[in-house]
Amino acid sequence: MRLVALLLAAGCSPFNNPPSAPQVGIGPVRPATGDDLVAVILADSVDLEGDRVTYRYTWIQDGLPRTDLTSDTVPASETIKDELWQLIVTPTDGDLDGSSGSAQTTIVNTPPTPPGVAITPADAMRGDDLTCTVTTVSSDVDGDALTYSFEWDGNGETYDGATAGVLTSVVDGSNVGEEETWTCEVTANDGMDKSLAAHASTTTGACSTWWYADADKDGYGDPATATVACEQPSGHVLDGTDCNDEDASVHPDAEEVGFDGIDNDCDGEDCASGITFTSTSYVRSERETIGAKITDIDDDGYEDIIWVNQLSASLTLWWGGASGPAVAESTVSVGRVGANADAGDLNGDGYPDLIASAQDSSRFVILWGTGTRTFGSTSYVSQDGFPRWMWLVDADRDGDLDIVAILEHEECAVIRLNDGTGTFAEAGCWRSGKEDVRPGDLDGDGYDELIESNTGNVYSSASGTFTLSTELSIPDMGTNSFLHAYDVDLDGDIDVVEVNFSSEPYLLRTHRNDGTGSLSECDQLEAASGTHPWGIGDLDADGRFDYIYYTCASGYSTWYIGLMD
């Protein structure tokens, strides 16, 4: 008893007290179908003895306990509109449970999405019937039956005389005059809520003279804006051959000003020569940078850079943005790595993962993504043969990213097929030699081919391997050339950028893709003196491609960014 009294006098308790009840809530505040339910600790449980407190989560669905749900989150796939969900959070200090905190919420209705609508005919004349049609039906995540309501406006006045169907509404042509603007507004209703309104408009004509909107006032109109009118509408012209009506310097009579991603004279090409790059160097403390990759890791529309630092045993990530490369920087430890790295969702969890070759330890290193720009645990994929160059492609066309690697010691290329979870099957050589390859979808079928440097050989995927399908026709290609796949003219087709390292300054030649995989030489550019274009991408978001390069030393490295002038 004397010991107990002494402990109490010193502010210590010889007994274990249960932790206090936490205050809890459920997020989001008004959850709808499609939202995860997440337990929110509004005020933590307190343990008088300072023991670590953990929580046990109990979820109740419409009065029935869900014993299979024990974490702080209920996936959206488990919830349905109008369900009542209750949450009980019980604290424990490891020995005693404390009083529970509880909360409840009801799953609310989700409105349908707006429909797609159109008015036909698009070039209606005076006296034509006008038909407003739901061209794309709305979707409703709750599975509710949908109805559509139509409202017409003719020249600024509400029109109530239309004949409505299930997916159409028709204005009789007897009510349609010339040079009138008619607008149709359509909403979807699931019985509880309406969608946002969708609109379509048309202006009727009365004669056969075609006019074209000339927004940039360069005397040439946009062919996509053709309209019929008896008199010249304001801001319209008769010539409809402009290829960019947002830029007055672009029209059929303009002079091509150089490789700027713009077809200035509307001849369908943007070819130039003599374009140069300005290089900026960055002396870094990272030791022995021996690889780099340009790719949009976080899928935000801006190119990022992965720098591969062998002796520093790390990858440095430069996150791109509207102001250019390296708006933010992250460094992740991956152990001693080799000459290349790549990024992509390897396990199907929706987050980008990082992978690097590690030739000295005969393996690939995978850093698993835990968020848009965060990474967690590390895994390894064994690979004999000194794996040096490595890329991620969908080799078996199953929607999962596989590994293509060049084994320098064995002088062969291998494919490691992904089962969708980030587990990669063993594989033998599918091609001999150690020439580098770069992925790119040259034929536009949605799957990457592999383009072999120095030779121009193109390998296509089939049944989990690659086979030689064609040889690119690239005149005067040297034996010391790298071939990069990149959409240099931003037309949606993958082109080829040839970098010739035979003599300085290094030359870059573009070979434009006509959409079928057939290439034609277009531009010739010069790299900045002393730099060796290793990766291609638009780093400053100006629509023109740039490049990266590096030099390494045991104590430091120098990184280079070459921006097109």
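Definitions and cut-offs
Residues numbered from 1 in each chain as written. Predicted model: local features only at pLDDT ≥ 70, side-chain atom pairs only at ≥ 80, totals over all residues. Heavy atoms only, no water. Pairing = 2+ DSSP bridges. Helix = DSSP H or I, 4+ residues; strand = E, 2+ residues; numbered from the N terminus. Axes fitted to C-alpha atoms, helices over the stretch in contact; angles between N-to-C directions. 1 Å grid on protein atoms, 1.4 Å probe; cavity = no way out; pocket = protein on both sides within 12 Å on 5 of 7 lines; lining within 4 Å. Points joined across faces, edges and corners; volume = space filled by probe spheres on them. Nonpolar A, V, L, I, M, F, W, Y, C, P; charged D, E, K, R; others polar. Phe/Tyr/Trp six-rings, centres within 6.5 Å; stacked < 30°, edge-to-face > 60°. Buried < 20%, exposed > 50% of the residue type's maximum accessible area, 1.4 Å probe, protein only. Lys NZ or Arg CZ within 6 Å of the ring centre and 35° of its normal. Disulfide = S-S within 2.5 Å. Lys, Arg positive; Asp, Glu negative; His and termini not counted. Salt bridge = Lys/Arg side-chain N within 4 Å of Asp/Glu carboxyl O. Contact = heavy atoms within 4.5 Å. pLDDT = per-residue confidence, 0-100.

(A) Molecular detail of the sheet that holds strand E10 (residues 147-154). On the basis of which strands lie adjacent, the open sheet formed by 4 strands has the order E11-E10-E14-E15 and antiparallel pairing. If you trace the sheet from one side to the other, it starts and ends with strand E11 (157-159) and strand E15 (198-203), each paired once. Sheet twist, expressed as the average angle between the axes of neighbouring strands with direction ignored, equals 25 degrees. One ladder, built from 6 bridges, connects strand E14 (residues 181-189) with E15; its direction is antiparallel. Residue pairing for E15: Thr-183 is matched across the bridge by Ser-201.

(B) Up close: the sheet that holds strand E8 (residues 116-120). Taken in spatial order, the 4 strands make up an open sheet running E8-E9-E13-E12, and their pairing is antiparallel. Of all strands in the sheet, those bounded by a partner on one side alone are E8 and strand E12 (163-164). One ladder, built from 4 bridges, connects strand E9 (residues 130-136) with strand E13 (residues 168-171); its direction is antiparallel. Bridged to Leu-130 within E13 is Val-171.

(C) Region of the structure containing the layout of surface pockets. Size it by volume and the largest pocket reaches roughly 810 Å³. Where the lining of the largest pocket is concerned, the elements lending two or more residues are strand E20 (289-295), strand E24 (341-344), strand E28 (387-393), strand E32 (437-440), strand E36 (481-486) and strand E40 (535-537). No other element matches the 4 residues that E20 contributes to the lining of the largest pocket. Counted by class, the lining of the largest pocket contains 14 nonpolar, 5 polar and 10 charged residues. In this model, the second largest pocket occupies a volume close to 250 Å³.

(D) Fine view of the packing of aromatic side chains. If you walk through the whole model with that rule in mind, you get 17 aromatic pairs. Judged by centre distance (5.2 Å) and plane angle (40 degrees), the ring pair of Trp-389 and Trp-534 falls under tilted. Here Trp-389 is found in strand E28, whereas its partner Trp-534 is found in the loop between strand E39 (519-526) and E40, with 145 residues between them in sequence. For the ring pair Trp-430 and Phe-466, a centre distance of 5.5 Å and an interplane angle of 45 degrees mean the geometry is tilted. Highlighted residues: Trp-430 in strand E31 (residues 429-432) and Phe-466 in strand E35 (residues 465-471), separated in sequence by 36 residues. Here the two residues Trp-430 and Phe-466 agree in accessibility, since each one is buried. Taken together, Trp-389, Phe-482, Trp-534, Tyr-549, Tyr-550 and Tyr-560 form an aromatic cluster joined through their ring pairs. One Lys or Arg, Arg-363, reaches over the ring of Tyr-380 and ends 3.9 Å from the middle of that ring. Positioned above the aromatic ring of Trp-430, the side-chain terminus of Arg-431 is 5.8 Å from the ring centre.

(E) Representation of the state of the cysteines within the structure. Throughout the structure, instances matching the rule amount to 3 disulfides. Bridging Cys-132 to Cys-184, the disulfide has an S-S length of 2.1 Å. Across the S-S bond of Cys-132 and Cys-184 the torsion is about -85 degrees, and the bridge reads as left-handed. Taken together, the residues span a long stretch of sequence, with Cys-132 in strand E9 and Cys-184 in strand E14 at a distance of 52 residues. Both residues of the pair, Cys-132 and Cys-184, count as buried. Covalent S-S linkage joins Cys-243 and Cys-266, the inter-sulfur distance amounting to 2.1 Å. The S-S bond linking Cys-243 to Cys-266 shows a torsion near -85 degrees; that makes this disulfide left-handed.

(F) Summary view of the side chain of Glu-180. Here Glu-180 shows up in the loop between E13 and E14. One buried charge, Glu-180, has no salt-bridge partner; the nearest side chain with opposite charge is Arg-126, at 9.1 Å. Contacts of Glu-180, omitting those with residues within four sequence positions, involve Asn-155, Asn-175, Thr-202, Thr-203 and Thr-204.

(G) Structural detail: the pattern of salt bridges. Scanning all chains against the criterion turns up 20 salt bridges. The closest approach of N and O atoms between Arg-438 and Asp-436, which form a salt bridge, is 2.6 Å. We classify Arg-438 as buried; its relative accessible area is 6%. On the basis of relative accessible area, Asp-436 is assigned to the buried category, the value being 4%. Between Asp-523 and Arg-512 there is a salt bridge, with the nearest N and O atoms lying 2.6 Å from each other. Linking Asp-523 in strand E39 with Arg-512 in strand E38 (residues 507-513), this pair joins segments that are 11 residues apart in sequence. Here the two residues Asp-523 and Arg-512 agree in accessibility, since each one is buried. Among the charged side chains, a salt-bridge network with shared partners connects Arg-66, Asp-68 and Glu-78.

(H) View of the confidence of the model for the protein chain. Averaged over all residues, the pLDDT of the protein chain equals 89, while 96% of them reach at least 70. Scored below 50 in pLDDT, residues 3-8 shows 4 contacts in the model against residues more than four places distant or in partner chains.

(I) Examining the environment of Leu-392 more closely. Structurally, Leu-392 is set in strand E28. Setting aside chain neighbours within four positions, we find Leu-392 in contact with Asp-342, Ala-343, Gly-344, Leu-346, Ile-355, Leu-401, Asp-402 and Ile-403.

(J) Layout of the pairing of strand E29 (residues 402-407). Within E29, 6 of the 6 residues are buried, which leaves the element mostly enclosed by the surrounding structure. Of the two faces of E29, the one lined by Asp-402, Val-404 and Ile-406 and the one lined by Ile-403, Ala-405 and Leu-407 are each fully buried. Pairing geometry for E28 and E29, over 6 bridges, is antiparallel. Within E29, the residue paired with Val-393 across the bridge is Asp-402. Sheet topology note: the E29/strand E30 (residues 412-416) ladder contains 5 bridges and is antiparallel. The residue of E30 that forms the bridge with Val-404 is Ile-415. As consecutive antiparallel partners, E29 and E30 are separated by 4 residues, and within that stretch Glu-411 has a phi angle of approximately 50 degrees, a positive value.

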